[in-house]
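Structural description and commentary
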Amino acid sequence: MKKKINEYDEVPYVCQAIPNTNPCHLALCSMWAGGPRAPIDSYRVMELGCGDGTNLIALAFYHPNSTFVGVDGSSVQIEMARTCAAALKLSNIRFEDADILELEQYNFSHFDYIIAHGVFSWVPENVRTAIFEFCQQKLSRNGLAYISYNTMPGWAMRGVVRDALLRNKMVRIATVRQKAEVAIDVAHKLREELPDCENAYSALLDSELKRVPECTPSYILHEYLEPYNTPFWFRDFVHRAQSHDLAYIIDAQFCRKEGQSNSASLSEAYGKTNSIEQEERIDVLHQRYFRASILCRKEARQSARQQPLDSTQILHNVFLAAFFTTDSDPFILRDDVPEYLEGESTVMLDESITKAALLILSRNWPHGKSFGELYEESLDFLKQHDCQPKKDALKILEKEILTMFKAGQIEFRLSSYQHHMDTIQGADKMPKATPLAQIESETKDMLTSAYHSSVLLVPHDKEVIQLADGTRSEKEISSIHPEFEQRLQVLRHWGFVK
Ligand SMILES: C[S@@+](CC[C@H](N)C(=O)[O-])C[C@H]1O[C@@H](n2cnc3c(N)ncnc32)[C@H](O)[C@@H]1O
């Protein structure tokens, strides 16, 4: 059968690692919500609509004990993925140039994780059904599926902008490659014509129109101008999943809001929520526009409910990581003196033990520490600074860390990723960039860390990575430019250069 022309062949999507799709993160979310315990040491992953493979290749690079399959209907993107995987000599990943509608012929065995990021809303109805069917048939017993989609009602106004752009004659007649640029002009003109932004509609429309030129051309084409883009009400999505014997567990963003901030009071309500109706209500109040639902087999949800872990047990079994800065000078560690720390949001602290813990975590960033280790180090830190912790410091720290985790301010990790860091970071005298960092620095604006986060490349990083090829000493590299020494240290600290 002749393959359909795919718009992604003409303008490939600029992919990046999606932290919330990291299997360890999905397993943590499931554990938190009393869902099945999916494997975290060695597992099989499928990514449907994997684009150019950026997300999956980084996972395969850092997790050699696991295996990965990526499927995409764009031959050009699959070729990019295969070229990159071959350059990295990865033997634990393969890519199939295939339509999600035609996966039966591949006879895949079961997967512990099935990821579909940025696909479900952007495909026709029959492909959505095929995604659910694939999950129903191919999830392993305790497996987890991650499906993200545009969400109502937050996406409604974005939908108005999309429709307005799609209906515009200049956009309609433009070629696929020109469309994004023309759409930006149209969005600018619409903004200029907007009446005074004093009424609520104009203000909302203005904020959505303003967003268009801030996006990359590939994003504009595949978000605003894609032939299919259907937002879903949360409850409708869950019911559809249930009709395929899949159960909803939790949202992968519940403790890590990517691109969407949440008010503290709504986060609190969200934390206590356990009904689909209530969650949808919060979507309305919170103007939620995107969701990343984690699903499992219906029977796995039922059996997992019998042995839930409580949040404090989980806290004692994870590694914690956070990064905050403070302008306070001096920073007062004493109890009952408010101090403000800046991270994704501002945190006000008045407990000495928590202040010490966050300073320690920030110094250790991006690496993690177990709760026990953090507590002991925080006590030592207070002692060194002649500060007496309260008698119930342990309980205070547990409670405050859990609150910050739920508000997306502290990261919990089921794995320390120490083994990755060990293999990546030797005490090598001749710095050598990892093969993944070398390739990503040539083709992208970001590097993917062992923690599956994207780290923006800043000036000089690309040059330093190129120079760090194992033939020059640290001193030689640092002497080439005054900024190189510091960038080399940062890249080494992250594990991009060993
Ligand atoms: C918006 S992109 C998302 C890519 C990637 N998952 C990411 O988030 O970076 C959607 C991807 O789904 C693929 N796709 C759409 N319909 C498909 C189908 N029926 N079968 C296979 N792939 C499909 C497209 O080729 C494209 O690469």
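Quick caveat: nothing in here was measured; it's all calculated off a predicted structure.

Let's talk about the overall build of the protein
Summing up its helical and strand segments, the protein has 23 helices and 14 strands in all. Here the protein has a C-alpha radius of gyration of 24 Å; the compact-globule value for 498 residues is 23 Å, and the two agree. Counting only C-alpha atoms, the protein reaches 70 × 55 × 55 Å along its principal axes. Taking all 498 residues of the protein together, the buried fraction comes to 43%. Pairs at least 24 residues apart make up 73% of the contacts formed inside the protein by residues separated by at least 6 positions.

A closer look at the nonpolar core
The biggest cluster of nonpolar side chains holds 115 residues, and the ones touching the most others in it are Ile114, Ile131, Tyr146, Leu295 and Leu320. Here Ile131 is in contact with Leu48, Ile100, Ala116, Val119, Phe120 and Ile147, once residues within four sequence places are set aside. Leu165, Val171, Ala183 and Leu209 belong to the second-largest nonpolar core, a separate cluster that totals 13 residues.

Let's talk about the environment of Glu10
Residue position: Glu10 is located in helix α1 (residues 7-10). Classification of Glu10 by C-beta neighbours within 10 Å gives partly exposed; the count is 13. Spatially, the C-alpha atom of Glu10 lies 9.7 Å from that of Gln77, the residues being 67 residues apart in sequence. Setting aside residues up to four positions removed in sequence, Glu10 forms contacts with Val176 and Arg177.

A short note on the domain arrangement of the protein
Looking at the protein, the domain boundaries give domain 1 (7-153 + 231-304), domain 2 (156-224), domain 3 (318-413) and domain 4 (418-494). When each unit is reduced to the centre of its C-alpha atoms, the spacing between domain 2 and domain 4 is 39 Å.

As for the site of the ligand
As a matter of local geometry, the ligand sits amid 22 residues, with Cys15, Gly49, Gly51, Gly73 and Gly118 nearest to it. For the shell around the ligand, a count of residues per class yields 11 nonpolar, 9 polar and 2 charged.

Some words on the packing of helix α11 (residues 234-242) against helix α13 (residues 276-286)
Running from N to C, α11 and α13 cross one another at 145 degrees; their axes reach a closest spacing of 8 Å. Seen from α11, the contacting residues are Phe234, Arg235 and Val238; seen from α13, they are Ile276, Glu277, Glu279, Glu280 and Asp283.

What to know about the packing of helix α16 (residues 352-364) against helix α17 (residues 371-384)
Packing of α16 against α17 brings their axes to within 9 Å, and their N-to-C directions diverge by 110 degrees. As the angle between them shows, α16 and α17 are arranged roughly perpendicular. On the side of α16, the interface is formed by Ser352, Ile353, Ala356, Ala357, Ile360 and Leu361, while α17 contributes Leu374, Glu377, Ser378, Phe381 and Leu382. Its residues assigned to classes, the contact of α16 with α17 shows 8 nonpolar, 2 polar and 1 charged.

Here we look at the environment of Glu96
Residue placement: Glu96 occurs in strand β3 (residues 93-97). Along the primary structure Glu96 and Glu79 are separated by 17 residues, whereas in three dimensions their C-alpha atoms are 9.5 Å apart. For Glu96, the contacting residues outside a window of four places in its chain are Val69, Val71 and Tyr106.

What about helix α20 (residues 435-443)?
Those residues of α20 lying buried are Leu436, Ala437, Gln438, Glu440 and Ser441. Buried residues in α20 make contact with α3 (54-62), β13 (446-448) and α21 (461-467).

Re the sheet that holds strand β5 (residues 139-150)
Strands pair in a sheet through their backbones, by hydrogen bonds, and they do so in one of two ways: parallel or antiparallel. Strand order across the open sheet formed by 7 strands is β3-β2-β1-β4-β5-β7-β6, with mixed pairing between neighbours. Where the open sheet ends on each side, the last strands, each with one partner, are β3 and β6 (246-251). Along the sheet, successive strands turn relative to each other by an average axial angle of 20 degrees, direction set aside. As defined by bridge partners, β6 adjoins strand β7 (residues 290-297) across 5 bridges and the pair is classed as antiparallel. Bridge pairing links Ile250 to Ile294 in β7. Sheet strands in contact with α3 are β1 (44-48), β2 (67-72) and β3, and its direction is about 170 degrees off that of β2.

Procedures and definitions
- Residues numbered from 1 in each chain as written.
- Predicted model: local features only at pLDDT ≥ 70, side-chain atom pairs only at ≥ 80, totals over all residues.
- Helix = DSSP H or I, 4+ residues; strand = E, 2+ residues; numbered from the N terminus.
- Rg over C-alpha atoms; globule rule 2.2 N^0.38 Å.
- Buried ≥ 20, exposed ≤ 12 C-beta atoms within 10 Å, placed from the backbone.
- Contact = placed C-beta atoms within 7 Å.
- Core = buried A, V, L, I, M, F, W, Y, C linked by C-beta atoms within 7 Å.
- Domains from an automatic or database assignment.
- Near = placed C-beta within 6 Å.
- Nonpolar A, V, L, I, M, F, W, Y, C, P; charged D, E, K, R; others polar.
- Axes fitted to C-alpha atoms, helices over the stretch in contact; angles between N-to-C directions.
- Parallel < 35°, antiparallel > 145°, perpendicular 65-115°, else oblique.
- Pairing = 2+ DSSP bridges.

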